[in-house]
Amino acid sequence: MNLILFGPPGAGKGTQAQYIVKNYNYFQISTGDLLRNETKNKSKLGNKIEKLISNGEFVSDKIVNELIEKSVTDLKFKKPIIFDGYPRNIQQVNNLDRILNEFNQKILFVFFLNVSREIIEKRIMGRITCSKCNLTFNDFFNKNEIEKHPCGKEFLTKRTDDDISIAISRYDIYMKKTKPVLDFYSSKKGFHEIDGSLKIAQITSKIDHILKV
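All of these numbers come straight from a predicted model, not from anything done at the bench. (Residues numbered from 1 in each chain as written. Predicted model: local features only at pLDDT ≥ 70, side-chain atom pairs only at ≥ 80, totals over all residues. Heavy atoms only, no water.)

A. Main features of the side chain of E38. Tracing the backbone through its elements, the reader meets E38 in helix α2 (residues 31-40). Put simply, E38 is tucked away with no salt bridge, and the nearest opposite charge, on K70, sits 8.0 Å away. (Helix = DSSP H or I, 4+ residues; strand = E, 2+ residues; numbered from the N terminus. Buried < 20%, exposed > 50% of the residue type's maximum accessible area, 1.4 Å probe, protein only. Lys, Arg positive; Asp, Glu negative; His and termini not counted. Salt bridge = Lys/Arg side-chain N within 4 Å of Asp/Glu carboxyl O.)

Here it is, written out as structure tokens:
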């Protein structure tokens, strides 16, 4: 029951992935998390990744493929896997197929959270994360939750890649580069496009309905 979760930066993939992990016993492999963890290690590769992300650029296929393959090999599909943010181009599609074939696995579900650029701008401009508990809020949509957050406002910070000009660039690049991948999967059984501008609970409900069928 491995699945792929698509959506531009700020579409809410992480939130939905966490729900699926908790309620359906999946393991999440997030391209973003893999890259951020590498930068936290302050390795030579991590510094290179950080520079690319800060400039609004995507990391090379070679780097991403290596990180994905290492994670999958370590897991050995002991649990079904959510691929969050991967694959992003046809070359990565082919790489994922190769890895899946090695373990006699396949993708059964593909979810695409489709969100307009306008909504993405608000989500990214307002996104803040608690450095203490790791919860994410939004200045535009979660004012009440922010006021009552038990950790305190002093722990709420913006991510370094949440600059609006970078966000727009990343959105446009993502939609352009990912279109061939979406076209590829949309013709296959198990592909589901979901309106990513809906409320979190509504998106979750749609995903529940599909997974429980």
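Here the narrative resumes.
B. Unusual backbone geometry, seen in detail. Along the chain, Y86 connects to P87 via a cis peptide bond; the corresponding omega equals 0°. In this fold, P87 is placed in the loop between β3 (81-84) and α5 (90-102). Positioned with a positive phi, N104 is a non-glycine residue whose angle comes to about 55°. Assignment of secondary structure puts N104 in the loop between α5 and β4 (107-114). Even without being glycine, N134 reaches a positive phi, approximately 75°. You can see N134 is positioned in the loop between β5 (127-130) and β6 (136-138).

C. Region of interest: the pairing of strand β1 (residues 2-6). Here β1 lies mainly inside the structure; 5 of its 5 residues are buried. The two faces of β1 match: N2, I4 and F6 on one face and L3 and L5 on the other face are all buried. Summarising the sheet, β1 and β4 pair through 5 bridges and their orientation is parallel. Within the sheet, the bridge partner assigned to L5 lies in β4 and is F111. Of the strand pairs in this sheet, β1 and β3 are connected by 3 bridges, and their pairing is parallel. Within the sheet, the bridge partner assigned to I4 lies in β3 and is F83. (Pairing = 2+ DSSP bridges.)

D. Spatial organisation of α5. Here α5 contains 13 residues, and its C-alpha end-to-end distance of 19 Å stays within 8% of the 18 Å for a straight helix at 1.5 Å per residue. Of the positions making up α5, those classed as buried are Q92, V93, N95, L96, I99 and L100. Looking straight down α5, one finds that the buried residues subtend no more than 165° of arc, so they occupy a single side. For α5, exposure combined with an orientation more than 90 degrees from the buried face picks out N101 and E102. The inward-facing, buried residues of α5 abut β1, α4 (61-75), β3, β4 and α8 (164-186). Among the residues of α5, the N-terminal cap falls to N89, whose side-chain oxygen and the backbone nitrogen of Q91 are separated by 3.1 Å. In the stretch just after α5, N104 is the one whose phi turns positive, near 55°. (Expected span 1.5 Å × (residues − 1). Arc of directions from axis to C-beta. Contact = heavy atoms within 4.5 Å. Polar contact = N/O pair within 3.5 Å; in protein donor to acceptor, adjacent residues only side chain to side chain.)

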